Amino acid sequence: MKEYKAIFFDRDNTLTHAKEETKLLRNQLIEKWSGRKLELDYYRTMDLFKKSGYPQSGLKTVDEEVQFWKRYYKQLLKDEGIEEDKLDEKSELIFSKVWLKDRELFPDVLDVLEYLKNNNYKMGVISDTSPSLELTLTSLGIGRYFDCFICSDIVGVMKPDPKIYKTALDTLGVKAEESIYVDDYDYDKEADGARKLGFTSFHLCRNGELKDKWDIKSLSEIVDFLKDK
């Protein structure tokens, strides 16, 4: 019987999801200024990242991230036809409305984290994101539950590269065989990456069809799994 010491989570769509009210407010402001509907799909977002100077090596500090997002919103407004002399003022306003306000927790998160903390499990977050990872979770009231925050920009690789998982393990001083990992990624690639290293790895499918014994619909099933051990 395995003895688990640590539980690691992905962030986006595992612990948190996009806050639609924030996105709506951003869009309404930009559409009011531009006089047209904002169209912002994945490909346009990536183009804006390039225009705004997202570094190939990733953002390494929160300050770098803040400055990047301010450039991003300024570029977005410029592309939407906002007057040049209004760009700084309006991009600062958008940033203030969005920064650390664009996510919210899934309903099952707090109870699960509280159980794990009360039962002395170490916890960490492994996320393909930038240095504000800890800040985003602290702003949602759950930063105190975690013992490490591992983000791809700082590590220099994204999941499922083994380096990012090994960095998390080394940070908490645990082995993969002593650890659980939970990720929502489609087709189970990121959960698979952890499983190949020896993690007990769960694929979280909140709204999807369960196809495998390691597929779960709620984080509460992690608690059930541990209680059955």
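For the structure itself, consult the block above.
A. Just the layout of surface pockets, in detail. Of the volumes computed, that of the largest pocket is approximately 1700 Å³. Lining the largest pocket are 50 residues, with D12, T45, F49, W69 and R103 positioned closest to its centre. In terms of residue class, the lining of the largest pocket is built from 19 nonpolar, 16 polar and 15 charged.

B. Region of interest: a negative patch on the surface. Judged by side-chain charge, E83, E84, D85 and E89 come together as a negatively charged surface patch. Along the chain, the position of E84 falls in the loop between α3 (62–79) and α4 (87–98). Overall, E84 belongs to the exposed group, its relative accessible area being 57%.

C. Up close: a nonpolar patch on the surface. Residues Y42, Y43 and M46 make up a contiguous nonpolar surface patch of about 400 Å² in total accessible area. Locating Y42 in the fold gives a position in helix α2 (residues 42–51). Y42 sits in the exposed class, given a relative accessible area of 54%.

D. Structural context of the side chain of S52. Mapped onto the fold, S52 is located in the loop between α2 and α3. Dropping the residues within four chain positions of it, S52 is found in contact with F68, R71, Y72 and Q75.

E. Broad picture of the packing of helix α5 (residues 109–118) against helix α10 (residues 220–227). Two elements in contact, α5 and α10, have axes whose closest approach is 8 Å; the angle formed by their N-to-C orientations is 30 degrees. Classified by the angle between their axes, α5 and α10 sit roughly parallel to one another. In this structure, α5 uses V112, Y115 and L116 to contact α10, whose residues at the interface are S220, V223, L226 and K227. In terms of residue class, the contact of α5 with α10 is built from five nonpolar, one polar and one charged.

F. Up close: unusual backbone geometry. The linkage connecting K159 with the following residue, P160, adopts the cis geometry, with an omega of 10 degrees. With respect to the helices, strands and loops of the structure, P160 is situated in the loop between α7 (152–155) and α8 (162–172). Despite not being glycine, N13 has its phi angle at roughly 65 degrees, a positive value. Examined against the element boundaries, N13 turns out to sit in the loop between β1 (6–9) and β2 (16–18). Of note, L100 is a non-glycine position whose phi angle comes to about 60 degrees, a positive value.

Rules used in this analysis
Residues numbered from 1 in each chain as written. Predicted model: local features only at pLDDT ≥ 70, side-chain atom pairs only at ≥ 80, totals over all residues. Heavy atoms only, no water. 1 Å grid on protein atoms, 1.4 Å probe; cavity = no way out; pocket = protein on both sides within 12 Å on 5 of 7 lines; lining within 4 Å. Points joined across faces, edges and corners; volume = space filled by probe spheres on them. Nonpolar A, V, L, I, M, F, W, Y, C, P; charged D, E, K, R; others polar. Patch = residues over 30% accessible without salt bridge, like charges linked within 9 Å, V, L, I, M, F, W, Y side chains within 5 Å. Areas by Shrake-Rupley, 256 points an atom, 1.4 Å probe, with all protein chains shown as cover. Salt bridge = Lys/Arg side-chain N within 4 Å of Asp/Glu carboxyl O. Lys, Arg positive; Asp, Glu negative; His and termini not counted. Charge placed at Lys NZ, Arg CZ, Asp CG, Glu CD. Helix = DSSP H or I, 4+ residues; strand = E, 2+ residues; numbered from the N terminus. Buried < 20%, exposed > 50% of the residue type's maximum accessible area, 1.4 Å probe, protein only. Contact = heavy atoms within 4.5 Å. Axes fitted to C-alpha atoms, helices over the stretch in contact; angles between N-to-C directions. Parallel < 35°, antiparallel > 145°, perpendicular 65-115°, else oblique.

Read these as layout, nothing more, since geometry by itself doesn't imply function.
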